[in-house]
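Observations on the three-dimensional arrangement
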Number of protein chains: 2
Amino acid sequence: MTPPDKADAPDEFELIAELFAPLAASAPEALALKDDAALHAPTPGCETVLTIDAMVEGVHFLPDDPAESVARKLLRVNLSDLAAKGATPRGYLLVTAWRDGTPLAWMRDFAHGLAADQKIFGIQLWGGDTVRTPGPASFTLTAIGEVPAGQMLRRGGASAGDGLYVTGTLGDAALGLMVLQGGLEGLGAAHRDDLEGRYRLPEPRVAAGMRLHGIASAALDVSDGLMADLGHLCAVSGAGARIEIERLPLSEAGRAALALDKGLIEAVAGGGDDYEILFAAPAGSDAAIAHVAAETGTPIVRIGTVLPAAEGINPVDGAGQPVALKHLGYRHF
Amino acid sequence: MTPPDKADAPDEFELIAELFAPLAASAPEALALKDDAALHAPTPGCETVLTIDAMVEGVHFLPDDPAESVARKLLRVNLSDLAAKGATPRGYLLVTAWRDGTPLAWMRDFAHGLAADQKIFGIQLWGGDTVRTPGPASFTLTAIGEVPAGQMLRRGGASAGDGLYVTGTLGDAALGLMVLQGGLEGLGAAHRDDLEGRYRLPEPRVAAGMRLHGIASAALDVSDGLMADLGHLCAVSGAGARIEIERLPLSEAGRAALALDKGLIEAVAGGGDDYEILFAAPAGSDAAIAHVAAETGTPIVRIGTVLPAAEGINPVDGAGQPVALKHLGYRHF
């Protein structure tokens, strides 16, 4: 772990010793954070999967978001990428760019969030860098996972005739953001809390993802919105798709929101930040998929079928009639 | 590569296609930047070395620093960490947090800097994330290297009696920063340029570093300043050291600066940003070290000896008399 740069606030060594060393204590890879590098002995027969994502204050999180949930979201967004690759997470590297004057209590909460999720997902901190910034805080995380050689799930690989499946429920994060922005006032408090929680804290499908290699033909995690990410999967696979909108899995709170306003289906099909796994699997995979679902306690439902590329992407209703969706996913940048 | 977030400026896909895809084109690990993750097949018998470092505008580089040198410095600082571990660099992940309104030309120069160094160091971009920020620009890079199993160089491992060696020359970056800040006016223009260049563009000792495993007993790269980093090496190794200040290797420009002001030895022994490798090696290693130096065209000189911990760290002159140094390395944070 490279020492942080000059600032007024806490001493660098105190900071590393108090906040980060405990997160790395049981990882031999971290070399006790004393070596400016991590050392990973790859598991024989496995390949290494690496992913990196950043979050910037005011762009990816709000200045008054709890530090604990900011940290956990950063970690979970990266774990979701690994899950969609069929990889087992092993560890992570972390860069914290603290805004000048960040209270130590905020940093502590940030570290507590990581500690909580390390227990849940069975990973540790392997290393990092701590810097100061005069601007908004930002955090960057590299997650490292492993997958049996040749088995990594990719976006390409779906073939016409494959089923399309999704884990968990869709739209909760997009609806949760609406709640946070003062919308969905007609919804009960418990449902509002549920949705808000799903926005703040995604549930990366790690346990299911790491069992999907050998079953799925293509996969990705839904971060831009179902329809946009389906578009990515189909583009790279050279395929089209039929999506049965009425099969999109909804949480209880999501169902309550749609009961108030049917138009919110747009948020379910097009909103982002779901961090569920969308995958394709060849005909005959249903038993294996049901087994993964049961074994990991992860809801998985079939929502459509891969078509030849020339068919395009077709959202349909229960009668097979086209459904017009206004926007097909959150357009970044 | 995760798509960048919403902003006015260039379209995300154009940006990735124009700037980053060419940097990843010949790396199978990058999966054409289409999969939100990189896939690395570890070399059998090798372990993976990972390091991460960030640079923030206004903290680690100046707003008017050339984009090309900012990019190259970021890459080289990370490669220096790998070199000091004895690792062969394989690839890197990059997060760019562009400040809103960053001109496309600046981004292009940044990418050109990476392209130039990729050729020099034989590595490619494996993946990354592009985000926008309302604050200062910041860049984070994870470098991935490999080392034969069990051979990674560490800070710990130096024993009393080992020789202490350093690559290249010391102090140039610290003196170069003085030049950039308007100091060292008595120095000739060519020397001023040399020093400034060494500040902007460190020379990571990759070729030498990857040949030092099996020879060195401990190593690190000099980033905080020789005396501070020697302190780190000794602390982790449980050792002391005698450093012969008159043996510290100087560039021609460095010698010219010291001829003007002997007190600048403080910048040589205590300044940072050298990115040379400081290492210890057991008695009898001189021939092997000379071979590495010759084979890689890297100057390597012996500057001292490891002592028992109780002896402390002792800078001495040519007659073995103690030399008083005011500050023992740049104190971050």
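Data block above holds the structure.
Summary of the structure given here.

So, how was this worked out
- Residues numbered from 1 in each chain as written.
- Chains lettered and ligands numbered in written order.
- Predicted model: local features only at pLDDT ≥ 70, side-chain atom pairs only at ≥ 80, totals over all residues.
- Heavy atoms only, no water.
- Helix = DSSP H or I, 4+ residues; strand = E, 2+ residues; numbered from the N terminus.
- Buried < 20%, exposed > 50% of the residue type's maximum accessible area, 1.4 Å probe, protein only.
- Contact = heavy atoms within 4.5 Å.
- Areas by Shrake-Rupley, 256 points an atom, 1.4 Å probe, with all protein chains shown as cover.
- Lys, Arg positive; Asp, Glu negative; His and termini not counted.
- Charge placed at Lys NZ, Arg CZ, Asp CG, Glu CD.
- Salt bridge = Lys/Arg side-chain N within 4 Å of Asp/Glu carboxyl O.
- Phe/Tyr/Trp six-rings, centres within 6.5 Å; stacked < 30°, edge-to-face > 60°.
- Lys NZ or Arg CZ within 6 Å of the ring centre and 35° of its normal.

Side note on the overall build of chain A
Each helix and strand in chain A was counted, giving ten helices and eleven strands. Here the C-alpha coordinates of chain A stretch approximately 65 × 50 × 35 Å along the principal axes. Buried positions account for 60% of the 333 residues belonging to chain A. The contacts of chain A with a sequence gap of at least 6 include a subset with a gap of at least 24, amounting to 84%. Just so you have it, chain A exposes about 12,000 Å², and 54% of that area is on carbon and sulfur atoms. The average position of the 25 basic charges and that of the 43 acidic charges among the side chains of chain A differ by 3 Å.

Here we look at the pattern of salt bridges
What the rule picks out here adds up to 36 salt bridges over all chains. The residue K85 of chain B makes a salt bridge to D35 of chain A at a minimum N-O spacing of 3.3 Å. One end of the pair, K85 of chain B, is in the loop between helix 2 (67–84) and strand 3 (88–99); the other, D35 of chain A, is in the loop between helix 1 (12–24) and strand 1 (38–40), on a second chain. The same class applies to K85 of chain B as to D35 of chain A, namely buried. Its salt-bridge partner being R200 of chain B, residue E196 of chain B comes within 3.7 Å of it at the nearest N-O pair. Remark: R200 of chain B and E196 of chain B occur in helix 5 (residues 189–200); sequence separation between them is four residues, near one turn of the helix. Several salt bridges converge on common partners, so that one network encompasses R72, R76, D117 and E203 of chain A.

Focus: the packing of aromatic side chains
One pass over the full model with this rule turns up 16 aromatic pairs over all chains. Ring centres of W106 of chain A and F110 of chain A lie 6.0 Å apart, and the angle between their planes is 25 degrees; this geometry places the pair in the stacked category. Taken as a pair, W106 of chain A and F110 of chain A lie in helix 3 (residues 104–121) at a separation of four residues, close to a single helical turn. Judged by centre distance (5.9 Å) and plane angle (35 degrees), the ring pair of F61 of chain B and F139 of chain B falls under tilted. Within this pair, whereas F61 of chain B is found in the loop between strand 2 (46–56) and helix 2, its partner F139 of chain B is found in strand 5 (residues 138–148), the two being separated by 78 residues in sequence. Above the plane of the ring of Y199 of chain A lies K73 of chain A, whose end atom (NZ or CZ) is 4.0 Å from the centre.

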